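Descriptive structure summary
Residues per chain are reported as follows:
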Amino acid sequence: MSLALVAMSHSPLLDYVQPAPEVTQELIGVFDRARAFVTEIDPELVITFAPDHYNGFFYEVMPPSCIGTSAFGVGDYGSAEGALPVRTDLAQDLAARVLESDIDVAVSHLMALDHGAVQPLETLFGGVDAVPIIPVFVNGVAPPFAPMRRMRLLGEAIGRWAAARPERILLVASGGLSHDPPVPQWATADERARELLLAGKNPPAEVRAARQQRVIDTAHAFAAGTATIRDLNPEWDQAFMGDCASGDVGRFDAYVADEMAEQAGHSSHEVRAWVAAFSALAAAGAYAIGERFYRPIPEYIAGFGVMTATTED
Ligand SMILES: O=C(O)CCC(=O)/C=C/C=C(\O)C(=O)O
Ligand SMILES: [Fe+2]
C-alpha cells in the first residue's frame, strides 16, 4: 500500500508567543493545506516519529529510539493529557519485525508523549482521538546520539513493515529544524537540574510552570535579539529539506552530531524524526513532495518547516 508523510516543526510556544500577524497568517495557511492533505489521504493509522523533552524519557535509561504499544499525553504547554489511541496489536508486531531486521529499538508499554508528539496530531486532526497511532520516540535532545545512519535504518525497517500493511498509513515526523531552545543539557546542568534529567517524570505543577516560563521568556528575548542561544540557520534548514526532498535517503548518513549542534543548535537533532520518517517513506518506493514550506520564526525559537509527500504508485 502507498504511504504518505507530513513532516513539521513543532514549538511549545505556538500558543504562548505571537509572531507578526503576517507570519501567523502564513502558518494558518500552511496548516490548513496540511490538514487538507491529511483529509485527502484519510489515514487509518498514523505512525508518529517525535522526540521528547525530558517528559517521558530520561537519562536513567535513554534509548536512541522506542516504539510505544500504549501511550498517554503528559499535557505540557497545553497539549492533550491522558490516554492516546495506540493500536497495541500493530505496535507490538511492528516492534517485533523491526527487531528481527537487526535494528535495536526499545519498547514501551506505557510511553509518555509531550508536545513534541502530540502537537502535530492536534494541528493535523484537531485532536488526538481521530485516528489510531503507533508512537515512535526518536531521541532528539539527549546526547550521545546514534549515527544518523541508524535513524535511516530504523525508518527503513518501519517503512518496509508499513508498506506491507493493508491500512492507509500516514507517517508524521515532528521537530527541528535549526533551533536551540533552553532544554537543559547534562554537561552544563547543576545537581538539581541533573535530577530532572535523570528521572523527572510527573513534575509538580509549579516545577512544570517554571520550566515552561523559562522557555517563554527565552523566546521573547530571542525575538528581541537579546538571548544567548544559537541563531537559527535558514541555509542549513533549506539544505536539510533539500535532502528530504531528494529521495536519496543515503544523504542523511553524512550528518554528524557535533557539527549539527554547532551549525544548527542543540535541538537540531530533532530532525532525526524527519530522517526516520522520510527513510520509512522511501522504503515504500519513490516519493513526490507536495508542500514545502519554510520560515525562520524567532518567536517560536524555530526554523519552521512543513513538508508533505506521498509514494508514487
Ligand atoms: O525545560 C525543559 O526541561 C524542557 C524545555 C522544553 O520543553 C523545550 C522545548 C522546546 C521545543 O520542543 C522545541 O523548540 O523544539
Ligand atoms: Fe522540540
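In this text, all values refer to a predicted model and were calculated from it rather than measured experimentally.

It is worth spelling out the side chain of Thr-308 at this point. With respect to the helices and strands, the residue Thr-308 is situated in strand S11 (residues 302–311). According to the relative accessible area criterion, Thr-308 is buried, its value standing at 3%. Separated by 2.8 Å, the side chain of Thr-308 and the backbone nitrogen of Glu-291 make a polar contact. Excluding residues that lie within four positions of it along the chain, Thr-308 makes contacts with Leu-5, Val-6, Phe-37, Ala-288, Ile-289, Gly-290 and Glu-291.

Further remarks concern the coordination of the iron ion (ligand 2). Those protein atoms acting as donors to the iron ion (ligand 2) are His-10 (NE2), His-53 (NE2) and Glu-270 (OE), and they sit at 2.0 to 2.1 Å. In this structure Glu-270 comes out as buried when scored by relative accessible area, which is 1%.

Our next topic: the UniProt feature "active site" (unreviewed entry) in the protein. Residues annotated in UniProt with the feature "active site" (unreviewed entry) correspond here to His-115 and His-179. In the annotation above, His-115 and His-179 are the residues that line the largest cavity. According to the relative accessible area criterion, His-115 is buried, its value standing at 4%. With near-sequence residues (within four places) excluded, His-115 lies in contact with His-10, Ser-11, Pro-12, His-53, Asp-76, Tyr-77, Ser-79 and Pro-120. A polar side-chain atom of His-115 sits 2.7 Å from a polar atom in the side chain of Asp-76. Relative to the helices and strands, His-179 resides in the loop between strand S9 (169–174) and helix H5 (191–199). Once residues lying within four places of it in the same chain are set aside, the contact partners of His-179 are Leu-232, Ala-264, Gly-265, His-266, Ser-267, Ser-268, Glu-270, Ile-301 and Ala-302. In this structure the side chain of His-179 is engaged in a polar contact, spanning 2.8 Å, whose partner is the backbone oxygen of Leu-177.

All chains considered together, the criterion is met by 14 salt bridges. Residue Glu-291 pairs with Arg-33 through a salt bridge whose shortest N-O separation is 2.8 Å. With Glu-291 in strand S10 (residues 287–297) and Arg-33 in helix H1 (residues 21–41), the pair connects residues that are 258 residues apart, well separated along the chain. Overall, Glu-291 belongs to the buried group, its relative accessible area being 15%. Residue Arg-33 is classed as partly exposed on the basis of its relative accessible area, which comes to 42%. Residue Arg-251 is joined to Asp-243 by a salt bridge in which the shortest nitrogen-to-oxygen separation is 2.9 Å.

Taken together, 13 residues are adjacent to ligand 1, and His-53, His-115, His-179, Arg-211 and Arg-214 come closest. One nitrogen or oxygen atom from the side chain of Arg-211 is found 2.7 Å from an oxygen atom belonging to ligand 1. Among the detected pockets, ligand 1 sits in the largest cavity. Looking at which element gives the most residues to the shell around ligand 1, the answer is helix H6 (residues 205–224), with 3 residues. When its residues are assigned to classes, the shell around ligand 1 shows 6 nonpolar, 4 polar and 3 charged.

What follows concerns the sheet that holds strand S5 (residues 81–84). The mixed open sheet is built from 3 strands, whose spatial order is S5-S4-S7. Two strands in the sheet have a free side with no partner beyond their single neighbour: S5 and strand S7 (111–113). Direction aside, the axes of adjacent strands within the sheet are offset by 25 degrees on average. Bridging between strand S4 (residues 71–74) and S5 involves 4 bridges; their strand directions are antiparallel. Opposite Ala-71, over in S5, you have Leu-84 as the bridge partner.

Moving on, we get to the packing of aromatic side chains. Overall, the coordinates contain 13 aromatic pairs when judged by the stated rule. Pairing Trp-236 with Tyr-255 gives two aromatic rings, centres 5.8 Å apart and planes at 85 degrees, and the pair type is edge-to-face. Here Trp-236 is found in helix H7 (residues 234–246), whereas its partner Tyr-255 is found in the loop between H7 and helix H8 (257–264), with 19 residues between them in sequence. These aromatic residues form a ring-pair network of at least three members: Trp-236, Phe-240, Phe-252, Tyr-255, Trp-274, Phe-278 and Tyr-287.

Take the layout of surface pockets next. If you add up the space inside the largest pocket, you get close to 380 Å³. Put simply, the parts of the chain that give the lining of the largest pocket at least two residues each are H5 and H6. Residues that form the lining of the largest pocket fall into these classes: 7 nonpolar, 1 polar and 5 charged. Roughly 310 Å³ of internal volume is contained in the second largest pocket. Lining the second largest pocket are 20 residues, with Leu-14, Asp-15, Phe-31, Gln-119 and Thr-123 sitting closest to its centre. For the lining of the second largest pocket, the secondary-structure elements that each account for two or more residues are H1 and helix H3 (115–125). No other element matches H1, which puts 5 residues into the lining of the second largest pocket.

Conventions adopted
In this convention, every chain numbers its residues from 1, walking through the sequence in written order. To label them, take the chains in the order written and letter them from A, then take the ligands in the order written and number them from 1. Local features in this predicted model are restricted to residues of pLDDT 70 or higher, and side-chain atom pairs are both shown and tallied only at a pLDDT of 80 or more, whereas totals for entire chains, interfaces and linings draw on every residue. As a rule here, side-chain values come from all non-hydrogen atoms in the structure, and water together with hydrogens is ignored. A run of H or I in DSSP counts as a helix once it spans at least four residues, and a run of E counts as a strand once it spans at least two, with each numbered from the N terminus. Throughout this description, buried means an accessible area under 20% of the type-specific maximum (1.4 Å probe, protein chains only), exposed means over 50%, and partly exposed covers the range between. Any pair of nitrogen or oxygen atoms within 3.5 Å is treated as a polar contact; in protein, a donor-acceptor pairing is required on top of that, and neighbouring residues in sequence qualify only through side-chain atoms on both sides. The contact rule is simple, with two residues in contact once any of their heavy atoms fall within 4.5 Å. We call an atom a donor if it is N, O or S and sits within 2.8 Å of the metal, or 3.2 Å for Na, K and Ca. Water is not counted, so some sites may look partial. UniProt positions are given in the numbering used here, feature names are shortened, and annotations may be inferred rather than shown by experiment. Here a cavity denotes grid points, spaced 1 Å and computed from the protein atoms alone, that fit a 1.4 Å probe unable to get out, and a pocket denotes an open set having protein on both sides within 12 Å along at least 5 of 7 lines; residues with an atom within 4 Å of a point are the lining. Within this document, salt bridges are pairs made up of a side-chain nitrogen of Lys or Arg and a carboxyl oxygen of Asp or Glu, the two lying within 4 Å of each other. The cutoff for a nearby residue is simple: one of its non-hydrogen atoms must lie within 4 Å of the molecule or strand. Pocket or cavity membership: a molecule qualifies when more than half of its atoms sit within 2 Å of the grid points of that site. Here the nonpolar group is Ala, Val, Leu, Ile, Met, Phe, Trp, Tyr, Cys and Pro; Asp, Glu, Lys and Arg are the charged ones; every other residue, Gly included, is treated as polar. We call two strands paired when DSSP finds no fewer than two bridges between them. Working convention: axes come from line fits to C-alpha atoms, limited for helices to the stretch in contact. Angles between N-to-C directions cover 0 to 180 degrees. Stacked, edge-to-face and tilted are the three classes for Phe, Tyr and Trp ring pairs, Trp counted by its six-membered ring, which pair at centre distances within 6.5 Å; planes under 30 degrees apart are stacked, over 60 edge-to-face, the rest tilted. Grid points are joined across faces, edges and corners, and a volume is the space filled by probe spheres set on the points.

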